[in-house]
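The primary structure of each chain is shown beneath.
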Amino acid sequence: MNLLLKEIRHNPLLWLLVFVPAVFAGQALKPDAHTLLFALSVLAIVPLAALLSHATESVAAKTGDAVGGLLNATLGNLTELVIALTALHAGQYMLVKASIAGAIVTNTLFMLGGSFLLGGLKHHVQEFNRGSARMQAGLLFLATVALLIPSAVSGSDSTAGAAFIEELSVGLAVLLIVVYGMGMLFSLKTHRELFASAQAGEAGEAPWPVGLALATLAGVTVLVALVSEVFVESVQEAAVAFGMTPAFVGFIVVALVGAAAEMASAFSGARKNRLDLSVGIALGSASQIALFVAPVLVLLSYVIGPAPMSLQFWPGAVVMMLIATMTAALVTNSGRSAWFVGVLVLAVYLVFATTLYLMPPRIQ
């Protein structure tokens, strides 16, 4: 417990934990103040995500590469998964799909571009393992193709009914999960020597004891679930108050909030000249959402959702995910980076954000 309190004292991001009880107090005293509850829940999720990330890294550091990689794969995006599950249970499928697409684009462009920019401002030129980046970009491209097919088929063939799209989505979901598992086996077991770091950086912080890390994981997961319920309930009314559509909130706001802790780790790694860590977090997180989180949500919609959810996204979201994947493949092909590469990648993300805010896509 002393380690946890010490971490809170020395990490300004964790000072935002004061907003966690504020969310529950606001929910009890002013349940109709949707804008206030939205702002409080956003401020509360960010430090909870940071604690979740630190605890996950501590458990992974104690269990070895294979088990640690599995833990990072299943728990690294737990914040986004809990938010999506809450929205799924509430039947807000548009918000779920927007958050999935937004998380993929945000991790691929904003996190990667920010890492290149911040690392490049401190180090003239940085190197990373381009083989690992190429594999993650390949996985992302596969996921984008799988997400493109249901939309393309329904748009070009008028006989493709809802039942066919649902069956196709289930089949694609199972395929993506299988490929993701095989990709983990390839990178963590059979060919892990291909994914070694290109260069060493500064040493990281000492991990927490396993007992503290597991207790933190359990407690924070419960708090994230409770805060996410308030977030999902207030997001639609708050979006109207802020002049934003739910699509923009899901694509931009939810993605940025859910990935806040991972961004902090990626940006810190880039500044410490550990760009392999930053690229791995950015592209690995995006591919996990595309190949694991999204398919799992499709399958779980048959259990906890009011109706089955398909993998049919609106065309604008699919185009943005495809462009984000191609951009990541282009800028990581050389295995080297400088600050202006980060500017270019961030500019692509800002084009998407501006477009969504001013002229959001029609949700199907």
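What counts and what doesn't
- Residues numbered from 1 in each chain as written.
- Predicted model: local features only at pLDDT ≥ 70, side-chain atom pairs only at ≥ 80, totals over all residues.
- Heavy atoms only, no water.
- Helix = DSSP H or I, 4+ residues; strand = E, 2+ residues; numbered from the N terminus.
- Buried < 20%, exposed > 50% of the residue type's maximum accessible area, 1.4 Å probe, protein only.
- Contact = heavy atoms within 4.5 Å.
- Areas by Shrake-Rupley, 256 points an atom, 1.4 Å probe, with all protein chains shown as cover.
- Axes fitted to C-alpha atoms, helices over the stretch in contact; angles between N-to-C directions.
- Parallel < 35°, antiparallel > 145°, perpendicular 65-115°, else oblique.
- Left-handed = near helix turned anticlockwise from the far one by under 90°.
- Nonpolar A, V, L, I, M, F, W, Y, C, P; charged D, E, K, R; others polar.
- Salt bridge = Lys/Arg side-chain N within 4 Å of Asp/Glu carboxyl O.
- pLDDT = per-residue confidence, 0-100.
- Core = buried A, V, L, I, M, F, W, Y, C linked by side-chain atoms within 4.5 Å.
- Expected span 1.5 Å × (residues − 1).
- Phe/Tyr/Trp six-rings, centres within 6.5 Å; stacked < 30°, edge-to-face > 60°.
- Lys NZ or Arg CZ within 6 Å of the ring centre and 35° of its normal.

Student: Even after reading the chapter, I still don't get the overall build of the protein, so can you show me in this structure?
Tutor: Along its length, the protein carries 14 helices and two strands. Relative to its full complement of 364 residues, the protein shows a buried share of 49%. Taking the contacts inside the protein whose residues are at least 6 apart along the sequence as the reference set, 85% of them involve residues at least 24 apart. As displayed, the protein offers around 15,800 Å² of accessible surface, 68% of which is attributable to carbon and sulfur atoms.

Student: Would you mind going over the packing of helix α6 (residues 93-122) against helix α14 (residues 339-358) with me for this structure?
Tutor: Packed helix pairs are characterised by how far apart their axes lie and by the angle those axes make with each other. Their axes nearest at 7 Å, the elements α6 and α14 cross at an angle of 150°. Between α6 and α14, the angle falls in the class roughly antiparallel. Our pair here, α6 against α14, has a crossing hand that is left-handed. Of the residues in α14, those touching α6 at V105, T106, T108, L109, F110, G113, G114, F116, L117, G120 and L121 are W339, V341, G342, V343, V345, L346, V348, Y349 and F352. Of the residues assigned to the contact of α6 with α14, the class counts are 14 nonpolar, six polar and no charged.

Student: Explain the pattern of salt bridges here, please?
Tutor: Oppositely charged side chains are able to pair whenever their charged atoms sit close together. As enumerated under the stated definition, the model contains one salt bridge in all. Residue R336 is joined to E127 by a salt bridge in which the shortest nitrogen-to-oxygen separation is 4.0 Å. Placement of the pair is R336 in strand β2 (residues 336-337) and E127 in strand β1 (residues 126-127), with a sequence separation of 209 residues.

Student: Explanation requested: the confidence of the model for the protein in the structure shown.
Tutor: Residues with a pLDDT of 70 or more make up 88% of the protein, whose mean pLDDT is 81. Taken element by element, the protein is modelled with least confidence in helix α4 (residues 65-75), mean pLDDT 52, and with most confidence in α14, mean pLDDT 92.

Student: Please clarify how the nonpolar core should be interpreted in this entry.
Tutor: One broad trend across soluble globular proteins is that nonpolar side chains are buried collectively. V105, F231, F251, L297 and F313 are the most contacted members of the largest nonpolar core, which totals 107 residues. Not counting the four nearest positions on each side in its chain, F231 is found in contact with F38, S41, V42, I45, I83 and V254.

Student: Just checking my understanding: could you explain unusual backbone geometry for this structure?
Tutor: Working note: non-glycine residues mostly have negative phi, and peptide bonds are mostly trans. One non-glycine residue with positive phi stands out, namely N273, at about 65°. Mapped onto the elements of the fold, N273 is located in the loop between α11 (260-271) and α12 (275-304). A relative accessible area of 17% places N273 in the buried class.

Student: Got a minute to help me understand helix α5 (residues 78-89) in this structure?
Tutor: In an α-helix, one turn spans 3.6 residues; hence positions three or four apart end up facing the same way. In a regular helix each residue adds 1.5 Å, so twelve residues correspond to 16 Å; α5 covers 16 Å between its end C-alpha atoms and thus fits that length. Those residues of α5 that sit buried are L78, T79, E80, L81, V82, I83, A84, T86, A87 and L88. Once α5 finishes, G91 follows within two positions and takes phi at roughly 80°, a positive value.

Student: What exactly am I supposed to notice about the packing of α5 against α12 here?
Tutor: At their nearest, the axes of α5 and α12 sit 10 Å apart, and the two run at 30° to each other. Between α5 and α12 the crossing geometry is right-handed. Across the interface between the two elements, L81, A84, L85, L88 and H89 from α5 touch V293, L297, L300, S301 and I304 from α12. Tallied by class, the residues present in the contact of α5 with α12 amount to eight nonpolar, two polar and no charged.

Student: Is there a simple way to explain the packing of aromatic side chains in this structure?
Tutor: The description of two aromatic rings rests on the distance between their centres and on the angle between their planes. Taken as a whole and judged by the stated rule, the model has six aromatic pairs. Between F38 and F231, the aromatic rings sit 5.5 Å apart at their centres with planes inclined by 25°, giving stacked as the arrangement. With F38 in helix α3 (residues 34-63) and F231 in helix α9 (residues 210-241), the pair connects residues that are 193 residues apart, well separated along the chain. On the accessibility criterion, F231 (1% relative accessible area) is buried. Sitting over the face of the ring of F313, K97 holds its NZ or CZ atom 6.0 Å from the ring centroid.

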